[in-house]
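Reading the structure
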Amino acid sequence: MKDKPVSSKQQEVQRIAEVLAKAIAQHRLRPGVRLVEAHIVEIMQANRNHVQAALQRLAMQRIVDIEPNRGATVAQPSAREAREIFAARRAVERAIVEAITPARIAEHQARIEQHMHDERAATASTDRRAIVRELCEFHLLLGEVSGNQVLAGILDNLMVRSSLIVALYQRGDSPPCASHEHQAIIDALRAGDTQAAVGQMIEHLDELEGQLAIEKADAADVNLRQALSGL
Ligand SMILES: [Zn+2]
């Protein structure tokens, strides 16, 4: 009996954290947006302590920033952090792809087919949120198909943070992934060509990183430094 309130509290904190992370990943809440505790309590009909704990959890995952006098805001990853997240994704997603055998693809065939169908439907539409959601979902799905829950858990966090980076640094309005590149990765995995699948995944991530205007942010840093030196 004594354990029950603890575990239901943990579940509630998890629920709130997941809803907020999802809203952030789908660009419903953009980087820098204030997360007012009282509003979240009201909107999610949650307990204030649970909301606080959920925000703390997201802060530990670097998805939310908490400052003593400003409260919580959606994190705004720096250019350096953006590069580090992409480097981490290359390592984690390589390991995920290496863990996926043709047997695992066959086992999850129906879900993969359904996902690729939804992804194509989304990218053919103009629904920006659906596009971002489905393209991100592909990477998470591979994490699940790999069967390695530790890698999948790390990728969950990296994908939310990637979404923040895309919201901050994406050039123009092009979608963050190309759907035919996803299909090529699946085809190589189905054929049992792990090496080709890894190569395609790394190329895909390089492509995504290349679409971001991260160097502009670097340039702004440098100019600020120059502007302030010697004063
Ligand atoms: Zn992708």
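Quick summary incoming for the structure in this document.

The next thing to look at is the packing of helix α9 (residues 179-190) against helix α10 (residues 194-210). The interhelical angle for the contact between α9 and α10, taken along N-to-C directions, is 165°, at an axis separation of 8 Å. With respect to their mutual orientation, α9 and α10 come out roughly antiparallel. Handedness of the α9/α10 crossing: left-handed. Two secondary-structure elements touch here, α9 through E181, H182, A184, I185, A188 and L189 and α10 through A196, A197, Q200, M201, H204 and E207. Tallied by class, residues from the contact of α9 with α10 come to seven nonpolar, three polar and two charged.

End to end, α9 covers 17 Å across twelve residues, agreeing with the expected 16 Å (1.5 Å per residue, within 8%). Of the positions making up α9, those classed as buried are S179, H182, I185, I186, A188 and L189. Positive backbone phi, approximately 80°, marks G192, located one or two places after α9.

On inspection of all chains with the given rule, the structure shows 13 salt bridges. The closest approach of N and O atoms between E93 and R89, which form a salt bridge, is 2.6 Å. Of the two residues, E93 and R89 are both situated in helix α4 (residues 79-99); the distance of four residues between them amounts to about one turn of the helix. Connected via shared salt-bridge partners are R62, E81 and R161.

The next subject is helix α6 (residues 109-124). Compared with an ideal rise of 1.5 Å per residue, which puts 16 residues at 22 Å, α6 spans 23 Å between its outermost C-alpha atoms and is within 8% of the ideal. The complete set of buried residues in α6 reads I112, H115, M116, E119 and A122. Buried positions in α6, seen along its axis, are confined to an arc of 130° and lie on one side of it. Along α6, the residues that are exposed and aim more than 90 degrees away from the buried face are A110 and A124. Buried residues along α6 sit in contact with α5 (102-107), α7 (128-146) and α9.

The rules we used
- Residues numbered from 1 in each chain as written.
- Predicted model: local features only at pLDDT ≥ 70, side-chain atom pairs only at ≥ 80, totals over all residues.
- Heavy atoms only, no water.
- Axes fitted to C-alpha atoms, helices over the stretch in contact; angles between N-to-C directions.
- Helix = DSSP H or I, 4+ residues; strand = E, 2+ residues; numbered from the N terminus.
- Parallel < 35°, antiparallel > 145°, perpendicular 65-115°, else oblique.
- Left-handed = near helix turned anticlockwise from the far one by under 90°.
- Contact = heavy atoms within 4.5 Å.
- Nonpolar A, V, L, I, M, F, W, Y, C, P; charged D, E, K, R; others polar.
- Expected span 1.5 Å × (residues − 1).
- Buried < 20%, exposed > 50% of the residue type's maximum accessible area, 1.4 Å probe, protein only.
- Salt bridge = Lys/Arg side-chain N within 4 Å of Asp/Glu carboxyl O.
- Arc of directions from axis to C-beta.

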